[in-house]
Amino acid sequence: MSLVTLLPFIVLIGAMFLMTRSAKKKQQQAASMRNDMQPGSGVRTIGGMYATVKEVNEDSVLLDAGPGVDLLFAKNSIGAVLTDDEYNRIVHGIEHDLEADGPVVPDDASSLTETDEPAADASSDASDDKPIDLGKKDAADEPADAKAAEGDVAEPKKTDGESGAK
């Protein structure tokens, strides 16, 4: 047998080896994450439920899903162990303290400008100006005899069904 005929088989075996190796790594990371769970940490199950770990056993986890609601899950059903900030943001809606991180950019640009004029003065100046003509003519502005001169026939209005339907 020549090397050319064996090359596809060698490539196939190598690809299978690499795929199984990466899958094993992911399984080991998930198992170590589940083994590192501590009571009091927030978790997300594979079904999408968020809860707090109450007790960790060898093959099961007791979760506190709410006041007076304790649920027993298999360790394999834990999808992710969340950090405290992430769990509080998702479950309780508590955002991270942004003031500790640095200056916050304002939502509007008014505080970024250097003018001393209030915003109300600027809007009153704009209302005194004549409206800008962009070249479009409204159908109501056009004279009626111009329409008749062009020979345009009025198109019927579109309706969503019969006009007599109630």
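About the cut-offs
- Residues numbered from 1 in each chain as written.
- Predicted model: local features only at pLDDT ≥ 70, side-chain atom pairs only at ≥ 80, totals over all residues.
- Heavy atoms only, no water.
- Helix = DSSP H or I, 4+ residues; strand = E, 2+ residues; numbered from the N terminus.
- Contact = heavy atoms within 4.5 Å.
- Areas by Shrake-Rupley, 256 points an atom, 1.4 Å probe, with all protein chains shown as cover.
- Patch = residues over 30% accessible without salt bridge, like charges linked within 9 Å, V, L, I, M, F, W, Y side chains within 5 Å.
- Salt bridge = Lys/Arg side-chain N within 4 Å of Asp/Glu carboxyl O.
- Pairing = 2+ DSSP bridges.
- Axes fitted to C-alpha atoms, helices over the stretch in contact; angles between N-to-C directions.
- Core = buried A, V, L, I, M, F, W, Y, C linked by side-chain atoms within 4.5 Å.
- Buried < 20%, exposed > 50% of the residue type's maximum accessible area, 1.4 Å probe, protein only.

Visitor: Before we go on, may I ask you to explain the overall build of the protein in this structure?
Guide: The secondary structure content of the protein amounts to four helices and five strands. The linear arrangement of helices and strands in the protein, starting from the amino end, is α-β-β-β-β-β-α-α-α. Residue pairs at least 24 apart in sequence account for 37% of intrachain contacts in the protein once pairs closer than 6 positions are excluded. A total accessible area of about 14300 Å² is found for the protein, and carbon and sulfur atoms account for 56% of it.

Visitor: I keep staring at a nonpolar patch on the surface and nothing clicks. Help me out?
Guide: A cluster of nonpolar residues, L6, F9 and I10, forms a patch on the protein surface that exposes about 300 Å² of accessible area. Take L6: it is sitting in helix α1 (residues 3-35).

Visitor: Can you walk me through the pairing of strand β3 (residues 60-66) in this structure?
Guide: If a strand is regular, its side chains alternate between the two faces of the sheet. Pairing analysis gives four bridges linking strand β2 (residues 50-56) to β3, with the strands arranged antiparallel. Each bridged residue has a counterpart across the sheet, and for T52 the counterpart in β3 is D64. Hairpin connection from β2 to β3: three residues lie between these consecutive antiparallel strands. Pairing of β3 with strand β4 (residues 69-74), which is carried by six bridges, proceeds in the antiparallel orientation. Each residue of the ladder has a partner; that of L63, found in β4, is L71. Counting the residues that bridge the hairpin from β3 to β4 gives two residues, and of these G68 lies at a positive phi of roughly 80°.

Visitor: Would you take a moment to explain the sheet that holds β4 for this structure?
Guide: Adjacent strands of a sheet form backbone hydrogen bonds with each other and so pair up, either parallel or antiparallel. Taken together, five strands build an open sheet; the order of strands is β4-β3-β2-β1-β5 and the sheet is antiparallel. Strand pairing shows two members of the sheet lacking a second neighbour, β4 and β5 (78-82), which therefore form its edges. With direction set aside, neighbouring strand axes in the sheet form an average angle of 40°. Pairing analysis gives three bridges linking strand β1 (residues 42-45) to β2, with the strands arranged antiparallel. Bridging from a neighbouring strand, G42 pairs with T52 of β2. Docked against the sheet, helix α2 (residues 84-92) engages β1, β2 and β5, running at close to 130° with respect to β2.

Visitor: Can you walk me through the nonpolar core in this structure?
Guide: For soluble globular proteins, nonpolar side chains are generally found buried alongside one another. Membership of the largest hydrophobic core is limited to seven residues, which are M37, V43, A51, V53, V61, L63 and I78. The residues contacting V43, other than those within four sequence positions of it, are M37, M49, Y50, A51, V53, L63, I78, A80, V81, L82 and Y87.

Visitor: Would you take a moment to explain the side chain of T45 for this structure?
Guide: Along the chain, T45 falls in strand β1. Residue classification places T45 among the buried residues on the basis of a relative accessible area of 5%.

Visitor: I keep staring at the environment of V69 and nothing clicks. Help me out?
Guide: With respect to the helices and strands, the residue V69 is situated in strand β4. Residue V69 is classed as partly exposed on the basis of its relative accessible area of 38%. For V69 and A51, which are 18 residues apart along the polypeptide, the C-alpha to C-alpha distance reads 10.0 Å. Not counting residues up to four positions away in its chain, the partners in contact with V69 are L63 and D64.

Visitor: Help me understand the environment of A30 in this model?
Guide: When you line up the elements, A30 lands in helix α1. Residue class for A30 comes out partly exposed when judged on its relative accessible area of 22%. Sequence separation of A30 and V81 is 51 residues, and the distance between their C-alpha atoms is 9.8 Å.

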